[in-house]
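Take a look at the letters that make up each chain.
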Amino acid sequence: MTQATPPTAHPADTQTLDAEAPVRHDWTLEEIEALFALPFNDLLFRAQRVHRAHFDPNAVQVSTLLSIKTGACPEDCKYCPQSGHYNTGLPREKLLEIEKVVEQAAAAKAAGASRFCMGAAWKRPREQDLELVLEMVRRVKAMGLETCMTLGMVDGDQAGRLAEAGLDYYNHNLDTSPEYYGEIITTRSYADRLETLGHVRDAGMKVCSGGILGMGEAPRDRAALLQQLVRLEPHPESVPINMLVKVPGTPLENVEDLDPIDFIRAIAVARILMPKSHVRLSAGREQMNDATQALAFLAGANSIFYGERLLTTANPQAERDRALFARLGLHPERRETCADDARMQAGVEADLARQAAARAGELAYDAGA
C-alpha cells in the first residue's frame with residue numbers, strides 16, 4: 001500500500017507554527033482575506049497546528065460573567081438590549097451590592113470558573129461608582145479568582161486605580177471593522193475604543209478585546225476587525241468572538257443569520273493571527289449545537305463563559321457544558337495559582353471524568369451474551 005505524503009507547512013505558517021517565533025502585527029488585509037478564503041479543511045488544519053504549538057489542545061479556560069449594573073446605558077449600540085435608546089423590556093437595575101457580587105463569585109468558583117468577569121452598562125464609570133467597583137475587584141481577587149471588568153471607557157487615572165486594586169483583565173471590544181462601525185454605534189467613536197485599550201495596557205492590565213459577528217457586516221469587515229486586533233501590541237491576551245444574539249426591540253433583531261461555517265472560519269483565522277491569545281467562544285453559544293461548538297474548539301477556541309447568563313442573554317447551562325467537555329475530552333485550563341484553585345480544578349475534572357465513564361458504560365456491551 002502506498003503511504004500518503006504528509007502535508008507540509010504553508011510558507012506563511014512557518015512563523016506562527018514555531019512556538020518561539022515572534023508573533024506578527026503587520027498582517028495585511030489581503031493576507032487575512034486569503035486565510036478566510038482557504039478551503040475549510042485546510043484552514044482548520046492550519047489553525048489547529050498553530051494552536052498546538054502554543055496551547056494544550058484539550059484545555060479550555062473557563063470564565064463566569066456577571067452583570068453588576070443592568071440597563072439604561074446611554075450608548076446606542078444596535079445589538080445591545082441594555083441601551084436606553086431601545087425598548088427591549090429589560091429592567092433597569094442599580095449597581096449591585098458588594099456582598100451580592102462576592103456571593104456570585106464564590107458560586108462561580110465552586111462551579112468551576114477560574115476567572116470572574118463583571119460588566120456594567122455605562123458609557124464610563126462615575127467616581128462614586130468606581131470606588132465600589134474597586135472594592136469588588138479586591139474582594140473577588142482575594143478569593144483566588146482572576147478578575148475582569150467591562151465598564152465602558154476609562155481614562156488613564158481610572159485604569160491605574162483598577163490595576164492597583166488587582167484587576168487582571170479589562171474587556172473593551174472593538175465590535176466590528178472601522179468601516180462598518182458607524183452603522184452599529186454613533187455615541188462612541190472607534191478612536192475612543194482604541195484609546196481606552198491604550199490606557200488599559202499602559203496601566204499594566206491584560207486586554208480582553210474582540211468583536212461581534214452576524215450584525216450584517218460584509219466578509220471584508222470581519223477580516224478588517226481581526227486586522228485591528230492584530231495591530232495591538234502586544235495582541236490582546238483574550239479575544240472574545242461573539243455571535244450576535246438577536247434581541248427583540250433592538251435594531252438588529254431581524255438581521256440575517258450568519259452561516260455557522262463563516263463563524264468557525266473567523267475563529268480559525270483569529271487563532272492563526274494571534275497564536276498566543278486565548279480565543280473565546282463567547283455570546284451566541286446558546287444558539288449553537290454541540291457540533292458547531294466542537295468545530296470552534298477544533299478551530300482554536302480555548303476559552304468560554306460558563307454559567308446560565310452572559311450579562312442579559314442566555315448561555316448554555318453549566319451541566320450542559322460539563323457534558324460537552326466530557327464528550328469531547330476537554331478539561332478546564334489549569335492555573336499556576338494557590339492550592340485551593342488546584343483542588344477546585346481537580347474537582348471539576350473528576351466530575352467530567354465521571355460523566356465520560358458513565359457514557360462509556362452506556363455504550364458498552366457484553367461480548368459473551
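Calculation rules
Residues numbered from 1 in each chain as written. Predicted model: local features only at pLDDT ≥ 70, side-chain atom pairs only at ≥ 80, totals over all residues. Heavy atoms only, no water. Helix = DSSP H or I, 4+ residues; strand = E, 2+ residues; numbered from the N terminus. Buried < 20%, exposed > 50% of the residue type's maximum accessible area, 1.4 Å probe, protein only. Contact = heavy atoms within 4.5 Å. Areas by Shrake-Rupley, 256 points an atom, 1.4 Å probe, with all protein chains shown as cover. Core = buried A, V, L, I, M, F, W, Y, C linked by side-chain atoms within 4.5 Å. Salt bridge = Lys/Arg side-chain N within 4 Å of Asp/Glu carboxyl O. Arc of directions from axis to C-beta. Polar contact = N/O pair within 3.5 Å; in protein donor to acceptor, adjacent residues only side chain to side chain. Expected span 1.5 Å × (residues − 1). Right-handed = clockwise from strand over helix to strand, strands pointing away. Phe/Tyr/Trp six-rings, centres within 6.5 Å; stacked < 30°, edge-to-face > 60°. Lys NZ or Arg CZ within 6 Å of the ring centre and 35° of its normal.

K.L.:
Would you mind showing me how to read the overall build of the protein chain here?
P.N.:
For the protein chain, the helix and strand inventory stands at 12 helices and 12 strands. For the protein chain, the proportion of its 369 residues judged to be buried stands at 55%. Pairs at least 24 residues apart make up 75% of the contacts formed inside the protein chain by residues separated by at least 6 positions. Accessible surface for the protein chain amounts to roughly 16500 Å². Of this, 52% is attributable to carbon and sulfur atoms.

K.L.:
Before we go on, may I ask you to explain the nonpolar core in this structure?
P.N.:
One broad rule of soluble globular proteins: the nonpolar side chains tend to lie buried together. If you look at the biggest cluster of nonpolar residues, it comprises 95 residues, and the most contacted ones within it are Ile-68, Tyr-79, Met-149, Leu-162 and Phe-263. By residue number, the principal contributor to this core is helix H9 (residues 260-273), which donates 9 residues. In this view, Tyr-79 contacts Asp-175, Ile-184, Ile-185, Arg-193, Ile-212, Met-215, Leu-244, Val-245, Thr-250 and Leu-252; residues no more than four positions away in its chain are not counted.

K.L.:
Even after reading the chapter, I still don't get the pattern of salt bridges, so can you show me in this structure?
P.N.:
Should the charged atoms of two oppositely charged side chains come close, the side chains can pair. Taken as a whole, this structure holds 19 salt bridges when the rule is applied. Residue Glu-127 pairs with Arg-161 through a salt bridge whose shortest N-O separation is 2.8 Å. Here Glu-127, found in helix H5 (residues 127-142), pairs with Arg-161, found in helix H6 (residues 156-165); they are 34 residues apart in sequence, far enough to count as distant. Owing to a relative accessible area of 42%, Glu-127 belongs among the partly exposed residues under this scheme. Using a relative accessible area of 19% as the deciding quantity, one classes Arg-161 as buried. Here Glu-237 and Arg-201 are joined by a salt bridge, their closest N and O atoms 2.8 Å apart. One end of the pair, Glu-237, is in the loop between helix H8 (219-231) and strand E7 (238-243); the other, Arg-201, is in helix H7 (residues 190-202), with 36 residues separating them in the sequence. For Glu-237, a relative accessible area of 22% corresponds to the partly exposed category.

K.L.:
Whenever I open this one, helix H10 (residues 290-298) confuses me. Can you help?
P.N.:
Within an α-helix, residues lying three or four positions from one another point in the same direction, as the helix has 3.6 residues per turn. Those residues of H10 that fall on the buried side of the exposure criterion are Thr-292, Gln-293, Ala-296 and Phe-297. Along the axis of H10, the buried residues cluster in a sector spanning 140°; they form a single face. Where H10 starts, the residue carrying a side-chain oxygen 3.2 Å from the main-chain nitrogen of Ala-291 turns out to be Asn-289. Looking one or two places after H10, you find Gly-300, whose phi comes out positive at around 120°.

K.L.:
Explain H7 here, please?
P.N.:
Relative to the 18 Å expected for 13 residues at 1.5 Å per residue, H7 spans 19 Å between its end C-alpha atoms, a close match to the ideal helical length. Where H7 is buried, its residues touch H6, strand E4 (169-171), strand E5 (206-208) and H8. Of the residues flanking the end of H7, it is Gly-204, one or two places downstream, whose phi is positive at about 95°.

K.L.:
Would you mind showing me how to read unusual backbone geometry here?
P.N.:
With the exception of glycine, most residues fall at negative phi, and the peptide bonds are largely trans. Cis geometry is found at the peptide bond from Glu-233 to Pro-234, where omega equals -5°. By the element assignment, Pro-234 lies in the loop between H8 and E7. Positioned with a positive phi, Asp-175 is a non-glycine residue whose angle comes to about 75°. Its place among the elements puts Asp-175 in the loop between E4 and H7.

K.L.:
Is there a simple way to explain the pairing of strand E2 (residues 115-120) in this structure?
P.N.:
Two faces make up the sheet, and in a regular strand the side chains alternate between them. Across the 6 residues of E2, 6 count as buried, placing the element largely inside the fold. This β-α-β element, E2 to H5 to strand E3 (residues 146-150), shows right-handed connectivity.

K.L.:
What should I look at first to understand the side chain of Gln-48 in this one?
P.N.:
Residue position: Gln-48 is located in helix H3 (residues 40-54). Exposure remark for Gln-48: the relative accessible area of 12% places this residue in the buried category. Filtering out sequence-adjacent residues up to four positions away, Gln-48 remains in contact with Pro-57, Phe-297 and Leu-298.

K.L.:
Teacher, can you tell me more about the packing of aromatic side chains here?
P.N.:
Any aromatic ring pair is given by two values, namely how distant the centres are and how the planes are angled relative to each other. All chains considered together, the criterion is met by 2 aromatic pairs. Both rings, one in Tyr-181 and one in Tyr-190, keep their centres 5.2 Å apart while their planes meet at 85°; by these two values the pair is edge-to-face. When the ring of Phe-297 is compared with that of Phe-325, the centres are 6.3 Å apart and the planes differ by 90°; the resulting orientation is edge-to-face. Here Phe-297 is found in helix H10, whereas its partner Phe-325 is found in helix H11 (residues 318-328), with 28 residues between them in sequence. Here the guanidinium or amino end of Arg-24 rests over the ring plane of Trp-27, the centre of that ring lying 4.1 Å away.

Interpretation note: all reported values are geometric properties and have no functional meaning in isolation.
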